[in-house]
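# Structural overview for review
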Amino acid sequence: MKPRVLVVDDDSSLAEMLGIVLRSDGFEPAFVPDGSRALAAFREVKPDIVLLDLMLPGASGIDVCRSIRAESGTPIIMLTAKTDTVDVVLGLESGADDYVVKPFKPKELTARMRARLRRYDDAGGETLTIGPPNSPVSIDVPAHQVVRDGKQISLTPLEFDLLVALARKPRQVFTREVLLEQVWGYRHAADTRLVNVHVQRLRSKVERDPERPEVVLTVRGVGYKAGPP
Amino acid sequence: MTDAQPAAGPAKPAAGHQGNGPRYFWLRAWQALQPVLNRLLSAWRRSLQLRVATSTALVTGVVVLLIGLFLISQIGSGVLKAKRESSIAQATLGQDAATSQFAGLSPGDLNGIRQAVDQITADTAATAGVTDLYSRVVLSTDDAVNAVLTVRQPIPRSLRREVEKGAVAMQYAKVRVGNSEQPGLIVGQPMNTSAGAFELYYLFPLTAEQQTLNLVRQTVLVAGLALVLLVAVIATLVTRWVVLPVRVAAQTAERLASGDLAQRIPVSGEDDIALLGTSFNDMAISLQQQIQRLEKLSRLQQRFTSDVSHELRTPLTTIRMAGELLYASRADFAPELARSAELLNNELDRFESLLAELLEISRYDAGVASLEAERVDVLGIVERAVQASEVLARRHQVQLLALVGNQPVLAELDARRVERILRNLIGNALDHAEGRPVEVTVGYDQDTVAISVRDYGVGLRPGEAALVFNRFWRGDPSRSRLTGGTGLGLAISLEDARLHNGWLQAWGERGKGSVFRLTLPRTAGDTVTSSPLPLVPAPVVPYVVRPAYPPATDEAGNAEVHR
């Protein structure tokens with residue numbers, strides 16, 4: 001089955017061109033040119049992935065991103081003309097998984113989309129445990145479930161992948177570059193802020209006190225690692 | 001204001017003058033005085049008020065002193081002149097009465113003479129207690145006669161000699177009054193009697209005159225001092241009126257200069273000082289308007305560049321994708337169309353990098369570029385930059401060598417920016433290498449890390465080393481470029497280096513190649529004072545292409561060649 005893509009962009013030429021490229025690459029695109037109608041279209045289309053322009057008429061891309069994220073973990077990739085730190089970080093903090101800077105090459109875009117659609121479905125019946133022994137985080141990989149202190153924690157697929165990547169090698173320290181490659185699928189070094197922002201988001205969900213993390217630990221000057229089981 | 005301060009410090013007395021010699025005392029005194037003197041001098045230099053008040057007081061003091069001295073001497077001589085005249089008149093009047101006392105006496109009658117003299121001198125007792133007190137003394141020219149006479153007051157020799165010559169004479173001398181000596185006037189005259197030649201002296205104490213003069217002196221002194229003080233106070237107040245607004249103006253100007261353009265001087269009245277304030281404020285207003293206008297223009301300009309760059313991106317994305325699509329299917333096109341698709345694709349790459357660099361430089365111009373420094377291994381950045389340039393090196397058929405040690409070199413850097421600088425420098429070197437190798441060398445010391453990129457290609461003409469960092473500067477417009485450089489790369493690299501407080505310098509010689517050296521502080525925020533790598537390579541020999549490049553060794557002897 002072809003993956004469905006919802007393209008939220010007000011530029012009709014770009015949308016049409018995206019449609020041509022996506023269709024020829026095996027996606028099934030749907031379009032909405034207006035921020036205020038984006039959420040309704042999202043509910044109707046039920047896409048596998050969302051391409052979202054940050055600068056939209058109606059509601060801003062940031063708002064659209066927040067409202068989609070509020071009801072679904074569907075991967076969101078921002079299309080942005082701005083590379084300024086503030087804009088990118090704001091977009092990522094509002095829930096986007098990744099971003100592509102205009103002008104992008106078609107291959108670059110579809111590679112980013114495929115990386116987000118790729119799932120960990122190889123591991124059979126795997127269960128991982130990390131975190132402090134008195135309050136461990138247990139991850140049921142095939143069921144896509146994370147439980148801590150008897151409560152289920154709802155993570156987006158990206159956050160789940162990030163947690164699983166760390167939990168699979170609990171003693172290993174991951175540099176941001178390695179995480180970018182394993183979780184986001186970047187082959188060359190990319191923006192390490194992606195990692196920082198999503199680690200913060202992950203911590204805000206799994207940690208008891210995000211200021212003093214026990215599950216996802218920072219190794220100063222190197223990167224991150226899972227807390228000892 | 002310490003420039004005039006002599007080299008102070010505990011001056012040690014020379015051996016032998018240990019502790020208590022007079023020289024040591026003066027030295028100690030000088031040392032103790034020096035800070036006070038220095039403070040006074042500095043206050044003198046700094047305060048216009050102090051200078052004006054002091055100099056006015058000094059000039060007034062001199063004038064008042066001269067006037068005072070003149071007054072005292074005038075009054076003194078006037079008083080004494082009157083006294084002198086009255087004294088002579090009195091003495092002359094008394095002569096006949098005195099002569100008559102000697103009537104009928106012969107020169108040998110010593111007893112009679114003594115009685116007569118006592119009679120004359122005793123008369124003064126009657127006048128005792130009166131203010132204008134005087135006493136008389138009679139002396140004979142014959143010392144034998146003088147021996148029997150009672151002389152109550154000493155008469156100066158010099159006066160006696162004058163009188164013995166036979167004239168009326170006078171002299172100021174000490175006169176005994178009671179038990180004390182007072183300044184006085186003595187008038188002497190010769191007296192010829194039947195009993196022989198005598199001298200008659202009138203002694204007038206000048207006590208009253210002295211008191212008058214003292215009073216005058218005191219009055220003049222007090223009045224003079226009061227006058228000097230008054231003038232000093234007036235001068236201080238007047239200068240204060242002038243100096244205070246000037247100080248306010250100076251402070252305001254300082255605040256204006258430090259960027260607070262809203263500063264104004266409070267103006268009241270319509271005098272010269274108010275005029276100064278008004279003019280100053282007008283100047284400040286005009287300055288503020290000019291600066292605001294320029295700031296606005298500059299903001300608009302930067303905003304425009306940034307907006308244009310952003311707005312161009314969306315249509316460029318569509319064009320890019322369309323171009324890619326055409327390029328991917330160029331095998332199905334006729335040769336002209338296929339070549340067009342290729343050209344379109346290549347130029348889109350160039351257009352895109354130009355746009356990105358324009359945006360980057362507008363960010364620097366707007367002053368919004370920020371350093372995101374992290375502690376990283378510089379060798380890792382060098383390796384990444386070299387690897388990223390391998391494709392270009394192969395296209396140029398140029399050997400790209402990284403001469404780095406194997407110890408990590410940690411430094412607080414913005415890795416993204418440093419890598420961009422290196423890729424720029426390497427790309428630039430490959431562009432101009434003319435088939436000869438390009439070397440990337442890393443050197444470091446305690447505080448700095450340096451990376452130099454050396455090529456043995458066309459090099460630079462004299463004076464060009466300063467121009468290469470200019471925007472859109474082209475060394476040789478006729479040269480074709482494989483990279484299609486935007487002309488902004490080195491300008492951005494220079495800004496990137498400056499953001500790190502680092503150096504980016506170029507050296508080049510025609511036909512001998514060029515060196516671009518980047519020197520960065522290893523701690524973010526530090527400044528660079530020297531570089532661990534030389535900018536000018538020595539000795540400069542034109543590179544000869546050999547079939548196999550021998551392994552190179554860096555200064556530390558750690559040979560490591562990356563291909």
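Rules behind the numbers
- Residues numbered from 1 in each chain as written.
- Chains lettered and ligands numbered in written order.
- Predicted model: local features only at pLDDT ≥ 70, side-chain atom pairs only at ≥ 80, totals over all residues.
- Helix = DSSP H or I, 4+ residues; strand = E, 2+ residues; numbered from the N terminus.
- Buried ≥ 20, exposed ≤ 12 C-beta atoms within 10 Å, placed from the backbone.
- Contact = placed C-beta atoms within 7 Å.
- Core = buried A, V, L, I, M, F, W, Y, C linked by C-beta atoms within 7 Å.
- Pairing = 2+ DSSP bridges.
- Axes fitted to C-alpha atoms, helices over the stretch in contact; angles between N-to-C directions.
- pLDDT = per-residue confidence, 0-100.
- Nonpolar A, V, L, I, M, F, W, Y, C, P; charged D, E, K, R; others polar.
- Expected span 1.5 Å × (residues − 1).
- Arc of directions from axis to C-beta.
- Left-handed = near helix turned anticlockwise from the far one by under 90°.

When helices and strands are tallied, chain A shows 8 helices and 12 strands. Burial status across chain A gives 40% buried among its 229 residues. Counting only contacts in chain A whose residues sit at least 6 apart along the sequence, the fraction spanning at least 24 positions is 54%.

In terms of regular secondary structure, chain B is built from 12 helices and 12 strands. Every one of the 563 residues in chain B was classed for burial, and the buried ones make up 25%. Put simply, 65% of the contacts in chain B that link residues at least 6 apart link residues at least 24 apart.

Right, let's get into the nonpolar core. Counting residues in each nonpolar core, the largest one holds 64 residues, and the members touching the most others are A:V8, A:V50, A:L52 and A:L163. With 7 residues, the top contributor of residues to this core is helix α6 (residues 157–168) of chain A. With residues up to four places along the chain from it excluded, the contact list for A:L52 reads A:V8, A:G61, A:V64, A:C65, A:I76, A:M78 and A:L79. Judged by nonpolar contacts, the second largest core, of 49 residues, contains B:A433, B:Y456, B:L490 and B:L518.

What follows deals with the pairing of strand β11 (residues 513–521) of chain B. Residue and element names in this part refer to chain B. Counted residue by residue, β11 has 9 buried out of 9 residues, so it is predominantly covered. Residue alternation in β11 divides its side chains into two sets, G513, V515, R517, T519 and P521 and S514, F516, L518 and L520, and both sets are buried. Note that strand β9 (residues 448–455) and β11 share 8 bridges and pair antiparallel. What sits directly across from I451, in β11, is L518. Relative to β11, strand β10 (residues 503–509) is paired through 7 bridges, and the arrangement is antiparallel. Bridging across to β11, W503 finds its partner in T519. Taking the residues that link successive antiparallel strands as the turn, the β10-β11 hairpin has 3 residues, and the phi of G511 there is positive, at about 80°.

All right, on to the sheet that holds strand β4 (residues 76–80) of chain A then. All names here are of chain A. Overall, parallel pairing links the 5 strands, which are arranged β2-β1-β3-β4-β5 in an open sheet. Sheet topology places β2 (28–32) and β5 (98–101) at the edges, where each strand pairs with a single neighbour. Here the strands of the sheet are splayed against their neighbours by 20° on average, with no regard to which way each runs. In terms of strand pairing, strand β1 (residues 4–8) meets strand β3 (residues 49–53) through 4 bridges, oriented parallel. Residue pairing for β3: V7 is matched across the bridge by L51. Taken strand by strand, helix α1 (residues 12–24) contacts β1 and β2, and its axis lies near 165° from that of β2.

The next subject is the pairing of strand β11 (residues 216–219) of chain A. All names here are of chain A. As paired strands, β11 and strand β12 (residues 223–226) are joined by 4 bridges and run antiparallel to one another. Paired with V216 across the two strands is A226, which belongs to β12. Between the antiparallel neighbours β11 and β12 lie 3 residues, among them G221 with a positive phi of about 80°.

Residue and element names in this part refer to chain A. Spatially, β6-β7-β8-β9 is the arrangement adopted by the 4 strands of the open sheet, whose pairing is antiparallel. Both edges of this open sheet fall to β6 (127–130) and β9 (151–153), since each of them pairs with a single strand only. Within the sheet, the average angular offset between the axes of one strand and its neighbour, ignoring direction, is 25°. As judged from the 4 bridges shared by strand β7 (residues 137–140) and strand β8 (residues 145–148), these two strands associate in the antiparallel manner. Along β8, the bridge assignment pairs D140 with Q145. Relative to β6, α6 is tilted by about 80°, and along the sheet it contacts β6, β7 and β8.

Turning to the confidence of the model for chain B, a few remarks are in order. Residue and element names in this part refer to chain B. Confidence along chain B averages 81 in pLDDT terms, with 88% of residues attaining 70 or more. Every residue in residues 1–17 scores below 50 in pLDDT, and together they form 13 contacts with partners more than four places removed in sequence or on other chains. Two numbers describe this predicted complex: its pTM, 0.55, and its ipTM, 0.79.

The next thing to look at is the interface of chain B and chain A. Taken together, the contact pairs 14 residues of chain B with 14 residues of chain A. Considering every element that reaches the side of chain B that touches chain A, the biggest residue donor is helix α7 (residues 272–328) of chain B, with 11 residues. Here the side of chain B that touches chain A is composed, by residue class, of 4 nonpolar, 4 polar and 6 charged.

This part covers unusual backbone geometry. Of note, the bond from A:K102 into A:P103 is cis; its omega dihedral lies within 30 degrees of zero at -5°. If you trace the backbone, A:P103 turns up in the loop between β5 and α5 (106–117). Of note in the backbone geometry, B:E434 takes a positive phi value of approximately 55° without being a glycine. Structurally, B:E434 can be placed in the loop between α11 (415–432) and β8 (438–444).

Before going further, it helps to examine α1(A). For α1(A), spanning 13 residues, the distance from its first C-alpha to its last is 18 Å, which sits close to the expected 18 Å at 1.5 Å a residue. For α1(A), the complete set of buried residues consists of A:L14, A:M17, A:L18, A:V21 and A:L22. Seen along its axis, α1(A) keeps its buried residues to an arc of 130°; they face one direction. Summarising the geometry of α1(A), the exposed residues directed more than 90 degrees from the buried face are A:S12 and A:S24. Contact partners of the buried residues in α1(A): β1, β2 and α5 of chain A together with α7 of chain B. Directly after α1(A), the chain includes A:G26, whose backbone phi takes a positive value near 90°.

The next thing to look at is the environment of A:A38. Residues and elements named next belong to chain A. Looking at the secondary structure, you find A38 in helix α2 (residues 38–45). Take A38: there are 25 C-beta atoms within 10 Å of it, and that puts it in the buried class. A C-alpha to C-alpha distance of 8.7 Å links A38 and A59, two positions 21 residues apart in sequence. If sequence neighbours within four positions are ignored, A38 has contacts with V8, V32, A59 and V64.

This part takes up the packing of helix α8 (residues 335–365) of chain B against helix α12 (residues 489–499) of chain B. All names here are of chain B. With their axes 10 Å apart at the nearest point, α8 and α12 run at an angle of 35° to one another. Pair α8 / α12 crosses with left-handed handedness. On the side of α8, the interface is formed by E357, E360, I361 and Y364, while α12 contributes G489, A491, I492 and E495.

For the rest of this paragraph, the subject is the packing of α2(A) against helix α3 (residues 61–71) of chain A. All names here are of chain A. Close contact between α2 and α3 brings their axes to 10 Å; oriented N to C, the two are set at 35°. Between α2 and α3 lies a crossing whose hand is right-handed. Listed contacts from α3 to A38, L39 and F42 of α2 are V64, S67 and I68. Of the residues belonging to the contact of α2 with α3, the class tally is 5 nonpolar, 1 polar and no charged.

For the rest of this paragraph, the subject is helix α8 (residues 193–206) of chain A. Residues and elements named next belong to chain A. With 14 residues, α8 ought to run about 20 Å at 1.5 Å a step, and its terminal C-alpha atoms sit 20 Å apart, in line with that. Taken as a whole, α8 has its buried residues at L194, V195, H198, V199, L202, R203 and V206. Taken end-on, α8 shows its buried residues confined to a sector of 155°, consistent with a single buried face.

The next thing to look at is the environment of B:V528. Residues and elements named next belong to chain B. Structurally, V528 is set in the loop between β11 and β12 (561–562). Residue classification places V528 among the partly exposed residues on the basis of 18 C-beta atoms within 10 Å. Each C-alpha atom, one on V528 and one on G502, is 6.0 Å from the other, the two residues being 26 residues apart in sequence. Residue contacts for V528: discarding those within four places in its chain leaves T448, N501, G502, W503, T519, L520 and P521.

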